[in-house]
Amino acid sequence: MASLLLLLLLLLLLPLLLLPLRIWSRLRWLAADLAFTMRALRCKRALRARALAAAAADPEGPEGGCSLAWRLAQLARQRPAHTFLIHGAQRFSYAEAERHSNRAARAFLRARGWDGGLGGGGTGGAGEGERAAHCARDQAAGSGAARAVREGDGAAPLAPGATVALLLPACPEFLWLWFGLAKAGLRTAFVPTALRRGPLQHCLRSCGARALVLAPEFLESLEPDLPALRAMGLHLWTVGSDTRPAGISDFLAEASAEVDGPVPGYLSAPQNMTDTCLYIFTSGTTGLPKAARISHLKILQCQAFYQLCGAHQEDVIYLALPLYHMSGSLLGIVGCLGIGATVVLKSKFSAGQFWEDCQQHRVTVFQYIGELCRYLVNQPPNKAERGHKVRLVVGSGLRPDTWERFVRRFGPLQVLETYGLTEGNVATFNYTGQQGAVGRASWLYKHVFPFSLIRYDVTTGEPVRDTQGHCVATSPGEPGLLVAPVSQQSPFLGYAGGPELARGKLLKHVFQPGDVFFNTGDLLVCDNQGFLRFHDRTGDTFRWKGENVATTEVAEALEALDFLQEVNVYGVTVPGHEGRAGMAALALRPPHSLDLVQLYAHVSENLPPYARPRFLRLQESLATTETFKQQKVRMAKEGFDPSTLSDPLYILDQAGGAYLPLTPARYSALLAGDLRI
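Since the model is a prediction, treat every value here as computed from it, not as a measurement.

K.L.:
So what exactly am I meant to see when it comes to the overall build of the chain here?
P.N.:
Helix and strand content of the chain: 22 helices and 30 strands. Counting over 677 residues, the chain shows a buried share of 53%. Residue pairs in contact within the chain that sit at least 24 positions apart in sequence constitute 70% of those at least 6 positions apart.

Below, the structure is given as structure tokens:
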């Protein structure tokens, strides 16, 4: 009998033994693929249940509002004393976070002139008709009583659904105001803190901002902007400044005068989950930032981020990323809310202080961009780095060489590399820990999060299509354009402004007539084992210091100098650094000479730090193609080695605040890591 069972088992296994080797290599990861897929399906079910509960909740209660409102209210009820936020010496529980954001919501509602009653309360469930009636009543209140609000400040009253821009560093006030705006039914725009002058005003106009809340430490640098901001009719607030220019109010003082009880949920409940509730700015093909529309659905989905990564509610997450980025706000903060954990929020990353912070706060999870890990491995050893409790590091942009050094020095720990875009509808997770990969392309994963890699012609800048006009899937090892189908569950909302801003982001008739796919603009490679690896970006935009740098924005800023006739901006690879550093080839306008002092002052005034060119190359004239396009690829390949280039070269000396000649000695110092750029 036993021999018969053994024979049957061998017969069952025989088809597996005959499988090709490449299939066997993929089956090796089947257990991990299956485990992650099951986790993802559980997350989806849990989020769907939460959303349905919110839709059925009492519209007068806080748990009948948007996903941010009801999740925070839920956590304040379920684990009120659990620490949500640590910032320096400050600690805030979930109950305190709820109260602070309620005060902020009420202050914004007062700016709206909302008179629907500030006490809240109510009983019973809510149907769609009742919820719609509440919204109609709120619209009437906002358009009527708000006319009496803030008379004489020159700004129109805030209307329901108006956009309020935040120009704040990573701090508790950023979160209270963001949560408060969500509860008040207002949209938030996260403005990058380095923007000033034209780029800042462009961002505020593009998202239709009606108010701006800024940090007091930015007042001095914003002083030249204030006349233009007032002319735009904006409400202007600071957060806690004793000395303020005329016409700017202290929002924290206004919020502290409000009661901290919950506000009615119907104020923030979305009519549709794809409605826009937030704007996050990304680099655009026009050179100026574009306001990506973030929906209520995306906020809800981001609650699952840390659960998908394997974190839990007792974890302590270290977050030193800007909150105006999706990675800091939606993945870091909203992801933390999703599991009810604790976040250690840093306004600025310090590699020298990192491990001491981890020891002090018993950090278990670190969210990174690749540059942060490189900073850490380049630090001299210290005792704190070996006694830490960090078990999981999550993020994107970690190069394989830094990955290996990081794990070897600071392990044992798990690295979970991810991929995603602010405005995108696709994300990948390298849940196996395979070095250098950004995710998996297993059929199980693609069943939950569908995407494809298609052939791309770098010369034409278009996908390759067959004789029927359809795109062609890539083979293993072949770089391909990452695209994802657009659906109700995975929409693409585009950007605030005209439809031309989204041109090229949607591809039609990809695999069959009428289908629509989101174009990530990124080239990835899927190897024989089903691992995805990042290959390159298709456009002129490159990434430096965790930021996307649009070459056109930098070129336009430089071309404003009267002594420059032509500018070509591109990214160059610098050994030992993540991404690509900005380099500008310059041609002078006769009879002018190069004024490095004025050039440095100009880029410092008009470009954020990450976008300022690290290298300059002075040429008689700039090379172009036969169609008069600038030679970016060739220039990038030529690099910045003074021993191989005869053109005058210059390097940005950040410490000295100047551009200096790039001598062989400085070039050697850069390669040795002794010269910071």
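The structure having been displayed, the exposition proceeds.
K.L.:
Before we go on, may I ask you to explain helix α16 (residues 370–377) in this structure?
P.N.:
Since the α-helix advances by 3.6 residues per turn, residues separated by three or four positions end up pointing in the same direction. Here α16 lies mainly inside the structure; 7 of its 8 residues are buried. Inspection of α16 places Gly370, Glu371, Leu372, Cys373, Arg374, Leu376 and Val377 among the buried residues, and these make up the whole buried set. Against α15 (354–361), β12 (365–369), β13 (392–396) and α17 (400–410) lie the buried residues of α16.

K.L.:
Would you take a moment to explain the sheet that holds β13 for this structure?
P.N.:
Note on sheets: strands pair through backbone hydrogen bonds, and any given pair is parallel or antiparallel. Strand order in the open sheet formed by 8 strands is β2-β1-β11-β10-β12-β13-β14-β15, and the pairing between neighbours is mixed. The sheet terminates laterally at β2 (90–93) and β15 (427–429), the two strands that pair on one side only. In this sheet, neighbouring strand axes are inclined to one another by 20 degrees on average, regardless of whether the strands run parallel or antiparallel. With 5 bridges joining them, β12 and β13 adopt parallel strand pairing.

K.L.:
Any chance you could explain the nonpolar core here in plain terms?
P.N.:
Nonpolar side chains tend toward joint burial in soluble globular proteins. If you look at the biggest cluster of nonpolar residues, it comprises 157 residues, and the most contacted ones within it are Phe84, Trp178 and Phe366. Split by domain, the residues of this core number at least three in each of domain 1 (54–109 + 158–412) and domain 2 (449–535).

K.L.:
What is the right way to read the side chain of Glu98 from this model?
P.N.:
With respect to the secondary-structure elements, Glu98 resides in helix α5 (residues 94–112). By relative accessible area, which is 9% here, Glu98 ends up buried. Once you skip the residues sitting within four places of it in the chain, Glu98 turns out to touch Pro62, Leu72, Ala73, Ala76 and Lys183.

K.L.:
Just checking my understanding: could you explain a positive patch on the surface for this structure?
P.N.:
Among the surface-exposed residues, Arg42, Lys44, Arg45 and Arg48 lie close enough to one another that they form a single positively charged patch. Tracing the backbone shows Arg48 in helix α3 (residues 30–56).

K.L.:
Sorry if this is basic, but what is going on with the sheet that holds strand β28 (residues 615–619) here?
P.N.:
Taken in spatial order, the 5 strands make up an open sheet running β26-β27-β28-β29-β30, and their pairing is mixed. Only two strands of the sheet have a single neighbouring strand rather than two, namely β26 (564–572) and β30 (658–661). Put simply, the sheet's adjacent strands are angled 25 degrees from each other on average, direction ignored. One ladder, built from 4 bridges, connects strand β29 (residues 649–653) with β30; its direction is antiparallel. Residue pairing across strands places Ile651 opposite Leu660, the latter belonging to β30.

K.L.:
I keep staring at the pattern of salt bridges and nothing clicks. Help me out?
P.N.:
A full pass over the atoms with the stated rule returns 19 salt bridges. Here Arg533 makes a salt bridge to Asp527, at a shortest N to O gap of 3.5 Å. Overall, Arg533 belongs to the partly exposed group, its relative accessible area being 26%. Three or more residues are tied together by salt bridges with common partners; here these are Arg617, Arg634, Glu638 and Asp647.

The rules behind the values
- Residues numbered from 1 in each chain as written.
- Predicted model: local features only at pLDDT ≥ 70, side-chain atom pairs only at ≥ 80, totals over all residues.
- Heavy atoms only, no water.
- Helix = DSSP H or I, 4+ residues; strand = E, 2+ residues; numbered from the N terminus.
- Buried < 20%, exposed > 50% of the residue type's maximum accessible area, 1.4 Å probe, protein only.
- Contact = heavy atoms within 4.5 Å.
- Pairing = 2+ DSSP bridges.
- Axes fitted to C-alpha atoms, helices over the stretch in contact; angles between N-to-C directions.
- Core = buried A, V, L, I, M, F, W, Y, C linked by side-chain atoms within 4.5 Å.
- Domains from an automatic or database assignment.
- Patch = residues over 30% accessible without salt bridge, like charges linked within 9 Å, V, L, I, M, F, W, Y side chains within 5 Å.
- Areas by Shrake-Rupley, 256 points an atom, 1.4 Å probe, with all protein chains shown as cover.
- Salt bridge = Lys/Arg side-chain N within 4 Å of Asp/Glu carboxyl O.
- Lys, Arg positive; Asp, Glu negative; His and termini not counted.
- Charge placed at Lys NZ, Arg CZ, Asp CG, Glu CD.

Everything listed here is a matter of geometry and, on its own, says nothing about what the molecule does.
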